[in-house]
Amino acid sequence: MATAQFLLLLLFLGIVSPAASSAHPGYPEPAECGGELELTVVRKEEYGGGRIVDISHAYREDMPGWELEEGLGRFLRLTRSMEDGDVAYFSEIRLPAHSGTHVDAPGHVFRRYFEAGFDVDTLDLDDLNGPALLVDVPRDKNITAEVMESLHIPRGVRRVLFRTLNTDRQLMWKRQFDTSYVGFMKDGAQWLVDNTDIKLVGIDYLSVAAYDDLIPSHLVFLKSREIILVEALKLDNVKPGIYNLHCLPLRLRGAEGAPIRCILIK
Ligand SMILES: *[C@@H]1O[C@H](CO)[C@@H](O)[C@H](O)[C@H]1NC(C)=O
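Residues numbered from 1 in each chain as written. Predicted model: local features only at pLDDT ≥ 70, side-chain atom pairs only at ≥ 80, totals over all residues. Heavy atoms only, no water.

Trainee: Would you mind showing me how to read the overall build of the protein chain here?
Mentor: Broken down by element type, the protein chain carries seven helices and 11 strands. When burial is assessed residue by residue, the protein chain has 42% of its 266 residues classed as buried. Across the protein chain, the fraction of contacts at a sequence separation of at least 24, relative to all contacts at a separation of at least 6, is 72%. (Helix = DSSP H or I, 4+ residues; strand = E, 2+ residues; numbered from the N terminus. Buried < 20%, exposed > 50% of the residue type's maximum accessible area, 1.4 Å probe, protein only. Contact = heavy atoms within 4.5 Å.)

Trainee: Would you mind showing me how to read the environment of L250 here?
Mentor: With respect to the element layout, L250 can be found in the loop between β10 (241-249) and β11 (257-265). Taking the C-alpha atoms as reference points, L250 and I260, separated by 10 residues in sequence, lie 6.4 Å from one another. Among all residues touching L250, those that are not within four sequence positions of it are V120, A258 and P259.

Trainee: Please explain the state of the cysteines as it appears in this structure.
Mentor: In a disulfide, the sulfur atoms of two cysteines are covalently bonded to one another. Per the counting criterion, the structure on display carries one disulfide. Covalent S-S linkage joins C247 and C262, the inter-sulfur distance amounting to 2.1 Å. Because the sign of the S-S torsion sets the handedness, a value of about 115 degrees for the bond joining C247 and C262 places this disulfide among the right-handed ones. With C247 in strand β10 and C262 in strand β11, the pair connects residues that are 15 residues apart, well separated along the chain. A relative accessible area of 1% places C247 in the buried class. (Disulfide = S-S within 2.5 Å.)

Trainee: Mind showing me how you'd approach the pairing of strand β6 (residues 129-136) here?
Mentor: Remember that side chains alternate between the two faces of the sheet whenever the strand is regular. A large share of β6 lies buried, amounting to six of its eight residues. Direction of pairing for β6 relative to strand β7 (residues 159-163): parallel, over a ladder of four bridges. What sits directly across from D136, in β7, is R163. Between the parallel pair β6 and β7, the chain is carried across by helix α4 (residues 145-150), and the sense of this crossover is right-handed. (Pairing = 2+ DSSP bridges. Right-handed = clockwise from strand over helix to strand, strands pointing away.)

Trainee: Sorry if this is basic, but what is going on with the nonpolar core here?
Mentor: Here is a general trend for soluble globular proteins: nonpolar side chains tend to be buried in one another's company. Judged by nonpolar contacts, the single largest core of 27 residues is most densely connected at I143, I153, F162, F184, L192, V201 and F221. Every element with two or more residues in this core is listed here: β6, α4, β7, α6 (186-195), β8 (200-203) and α7 (214-222). Sorting elements by how many residues they give to this core places α7 first, with three residues. In this structure, V103, V120, L200 and L235 belong to the second largest nonpolar core, which totals 24 residues. (Core = buried A, V, L, I, M, F, W, Y, C linked by side-chain atoms within 4.5 Å.)

Trainee: Is there a simple way to think about the packing of α6 against α7 in this case?
Mentor: Helix packing geometry: the angle between the two helix axes and the distance between the axes. At their nearest, the axes of α6 and α7 sit 8 Å apart, and the two run at 10 degrees to each other. The angle between α6 and α7 places the two elements in the roughly parallel class. On α7, the residues that touch K186, A189, Q190, L192 and V193 of α6 are P216, S217, V220 and F221. Here the contact of α6 with α7 is composed, by residue class, of six nonpolar, two polar and one charged. (Axes fitted to C-alpha atoms, helices over the stretch in contact; angles between N-to-C directions. Parallel < 35°, antiparallel > 145°, perpendicular 65-115°, else oblique. Nonpolar A, V, L, I, M, F, W, Y, C, P; charged D, E, K, R; others polar.)

Trainee: Looking at this model, I keep getting lost on the pattern of salt bridges. Mind explaining?
Mentor: Pairing is possible between side chains that carry opposite charge, provided their charged atoms lie close to one another. Inspection of every chain in the model, using the stated rule, returns 16 salt bridges. One salt bridge in this structure joins D54 and R261, with 2.6 Å as the shortest N-O distance. One end of the pair, D54, is in strand β2 (residues 52-54); the other, R261, is in strand β11, and 207 residues separate them in sequence. Taking the relative accessible area as the measure of exposure, D54 reaches 6% and is therefore buried. The partner of R111 in a salt bridge is E115, and the shortest N-O contact between them spans 3.0 Å. (Salt bridge = Lys/Arg side-chain N within 4 Å of Asp/Glu carboxyl O.)

Coordinates in, geometry out; function isn't part of it.
Dropping the structure here:
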């Protein structure tokens with residue numbers, strides 16, 4: 001019974017919709033060249049004439065994923081479809097929590113923090129939003145204590161986005177995961193913790209820690225539970241300098257990582 005009504009409704013909608021759109025006074029008249037409106041998607045990386053820069057990567061099947069040979073792969077699946085006569089499209093997401101532009105919570109590398117519930121929903125939005133410094137690091141090294149010292153980041157700076165060789169190599173645009181990406185060595189992470197006031201560390205590939213110092217660097221950063229790590233930022237075409245950063249992670253209870261949307265405002 002319900003199904004029959006449904007089909008009727010669909011038929012009805014199919015018949016009346018062309019007339020309905022032009023009848024509504026609030027909507028502009030569709031251009032009448034050949035009858036059909038041309039549907040063209042416009043995607044942007046900047047908004048407001050360049051005032052807002054999107055520094056998050058769009059999730060794509062061919063984007064690299066952590067230790068994945070073939071990239072992220074299919075992460076969206078339609079569970080209902082209008083092609084099958086449903087009234088709407090309805091998708092499911094299946095995604096490693098640490099894919100694309102994402103954030104790490106203290107529970108990521110500390111069992112006691114994970115068990116105590118230090119998930120992404122406990123991260124401080126005050127640290128994730130505010131003035132941030134974008135710096136270029138030397139291209140011939142990973143981020144060591146020596147490199148950190150050479151950057152002369154003043155005390156009081158709380159948020160720093162580190163742009164590295166990863167951006168030049170366009171690693172986030174390559175399907176295959178690459179372990180030779182630039183990140184923090186343990187001594188670089190320790191130098192940051194000991195000598196700066198940085199509470200947000202952003203970087204341009206899937207991990208803030210160099211692959212060779214993966215766990216040691218994460219442990220140094222996350223031990224105090226005061227530093228937030230934002231990874232796989234899209235830092236192409238932005239000049240070094242000070243911006244207003246806005247980062248908002250999904251409130252995934254129990255998750256030690258989550259997708260995050262980050263923008264820079266000039
Ligand atoms: C950074 O470290 C990785 C290993 O973690 C290494 O493969 C890469 O060559 C290093 N990059 C530079 C620029 O030294």
